[in-house]
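# Notes for the structure review
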Amino acid sequence: MNVHLYLPIMRIKDEQKIDAIHEKAVETIVKYGFDGLSMQKLAKAANVSPATIYIYFKDRDDLIQQVATKEAAKMVEASLKGFDATMPFAEGLTIQWKNRAKYWLKHPQQAKFLEQVRHSPVGEEVYSKVKKEFSLVMSEFVKGAVKRRELIKLPIEVYWAVAFAPFYQLVKFHDDGKSMSGQPFKWSDAYMNQTLKLVIKALTP
Amino acid sequence: MKHVLIFKTNVESEEQLQQAALLLDANGSILKWNIDREDIDRVLRIESTLANMYDIMKVMVDAGFLCEELTD
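Fair warning: this is a prediction, and the values are worked out from it, not measured in the lab.

Our focus in this paragraph is the overall build of chain B. Within chain B, the secondary structure is distributed over two helices and four strands. Of the regular secondary structure in chain B, the N- to C-terminal order runs β-α-β-β-α-β. Scaling as 2.2 N^0.38, a compact globule of 72 residues should have a C-alpha radius of gyration of about 11 Å, and chain B matches this with 11 Å. Dimensions along the principal axes, computed over C-alpha positions, put chain B at roughly 30 × 25 × 20 Å. Residue burial in chain B is summarised as follows: out of 72 residues, 31% are buried.

We now examine the overall build of chain A. Counting its secondary structure elements, chain A contains eleven helices and zero strands. Put simply, chain A runs from its N terminus to its C terminus through helices and strands in the order α-α-α-α-α-α-α-α-α-α-α. Here the C-alpha coordinates of chain A stretch approximately 75 × 40 × 25 Å along the principal axes. Counting across all 205 residues of chain A, residues that qualify as buried make up 25%. When contacts within chain A are restricted to residue pairs at least 6 apart in sequence, long-range pairs at least 24 apart make up 62% of them.

Core analysis: the biggest nonpolar cluster contains 45 residues, and A:Ala25, A:Ile53 and B:Ile6 have the highest contact counts within it. The element that contributes the greatest number of residues to this core is helix H5 (residues 60-79) of chain A, accounting for six residues. Lining this core are residues from two domains, each supplying at least three of them: domain 1 (9-57) and domain 2 (66-203) of chain A. Grouped together as the second largest cluster of nonpolar side chains are 13 residues, A:Leu93, A:Phe141, A:Ala145 and A:Ala163 included.

The next subject is the domain arrangement of chain A. All names here are of chain A. Split into domains, chain A comes out as domain 1 (9-57) and domain 2 (66-203). Just the C-alpha atoms count here: the centres of domain 1 and domain 2 sit 29 Å apart. The interface is formed by eight residues belonging to domain 1 together with ten residues belonging to domain 2. For the side of domain 1 that touches domain 2, the class distribution of residues is six nonpolar, one polar and one charged.

What follows deals with the interface of chain B and chain A. Contact with chain B, which involves 20 residues of that partner, is made by 18 residues of chain A. Of all the secondary-structure elements, those providing two or more residues to the side of chain B that touches chain A are strand S1 (3-9), strand S2 (30-36) and strand S3 (43-48) of chain B. Take the side of chain B that touches chain A: its biggest share by element is four residues, from S1(B). For the side of chain B that touches chain A, the class distribution of residues is nine nonpolar, three polar and eight charged.

Residues and elements named next belong to chain A. Axis separation between helix H2 (residues 15-32) and H5 bottoms out at 10 Å; the angle between their running directions is 95°. If you check the angle between H2 and H5, you find them roughly perpendicular. Listed contacts from H5 to His22, Ala25 and Val26 of H2 are Leu63, Val67, Lys70 and Glu71. Here the residues of the contact of H2 with H5 sort into four nonpolar, one polar and two charged.

Moving on, we come to the sheet that holds S3(B). All names here are of chain B. In spatial order, the strands read S2-S3-S1-S4; together these four strands make up an open sheet with antiparallel pairing. Here the strands that pair on one side only, and so sit at the sheet edges, are S2 and strand S4 (67-69). Across the sheet, the mean angle from the axis of one strand to that of its neighbour is 30°, orientation sign disregarded. Two elements, S1 and S3, share five bridges in a ladder whose sense is antiparallel. Considered in S3, the bridge of Leu5 is made with Ile46.

Bringing the pairing of S1(B) into the picture now. Residues and elements named next belong to chain B. A large share of S1 lies buried, amounting to six of its seven residues. Examined bridge by bridge, S1 and S4 share three bridges and lie antiparallel to one another. By the bridge assignment for S4, Thr9 is matched with Cys67.

Attention now moves to the environment of A:His174. Residue and element names in this part refer to chain A. Within the secondary structure layout, His174 lies in helix H10 (residues 165-176). Considering only alpha carbons, one finds His174 and Lys186, twelve residues apart in sequence, at a separation of 5.0 Å. With sequence-adjacent residues up to four places away left out, His174 is seen in contact with Phe185, Lys186 and Trp187.

Conventions and cut-offs
Residues numbered from 1 in each chain as written. Chains lettered and ligands numbered in written order. Predicted model: local features only at pLDDT ≥ 70, side-chain atom pairs only at ≥ 80, totals over all residues. Helix = DSSP H or I, 4+ residues; strand = E, 2+ residues; numbered from the N terminus. Rg over C-alpha atoms; globule rule 2.2 N^0.38 Å. Buried ≥ 20, exposed ≤ 12 C-beta atoms within 10 Å, placed from the backbone. Contact = placed C-beta atoms within 7 Å. Core = buried A, V, L, I, M, F, W, Y, C linked by C-beta atoms within 7 Å. Domains from an automatic or database assignment. Nonpolar A, V, L, I, M, F, W, Y, C, P; charged D, E, K, R; others polar. Axes fitted to C-alpha atoms, helices over the stretch in contact; angles between N-to-C directions. Parallel < 35°, antiparallel > 145°, perpendicular 65-115°, else oblique. Pairing = 2+ DSSP bridges.

The following block contains the structure:
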């Protein structure tokens, strides 16, 4: 007779298994998209049984949501490290760029996964939860900077397109391994600092 | 103490789901349940106050469903 799977949650809660499930879910979704993830495939990839996955997750949607929520929280935490909404604008933006660069270079899979989540129906729910704190801090930062005349007053989309889009373009070149001309491209702090300097110059009154 | 019980079933159609829902909702020891019909094993996941899975299996099987424990 088989060993029955009716162990209490507390006893079988195995962090390592959960971590493996999370990691492989992220990997699979980045590689094959949301539809490419099945509980059976994931179980094989994470080297656990499907039953184990179902102990922690109700179904695929629940799993994606839980994984995305956890990853989004980690990303927000990484972005806000050492950051304070009352900082001078140039200093604050520099920390934002550095934090984001560190996150992207260290966790490219997770970062790509979150991009996918952002553009999916799951994203709305996940981000409405996690992003609240982040948006609040960011908007306080921008408002303060405008008030102190360290930042030009702009529609938020224009602000973002200047303040962060150049950063993400460099990340994209790095991720592709080449720039628009097809030339090989690798991330460097020198490129980042050069770009950031121009961004700060453009945004300063 | 909350227990999580995992079963393989053959609940596929909406009608079967409704039928299973009647049985599962009526069980006082079941706190929460769901059936993942997207999965090949149509996994029934139950959060229960009891660790005993046989009562649930019996109720399902008596109603004509396949219901086996999904082993680890």
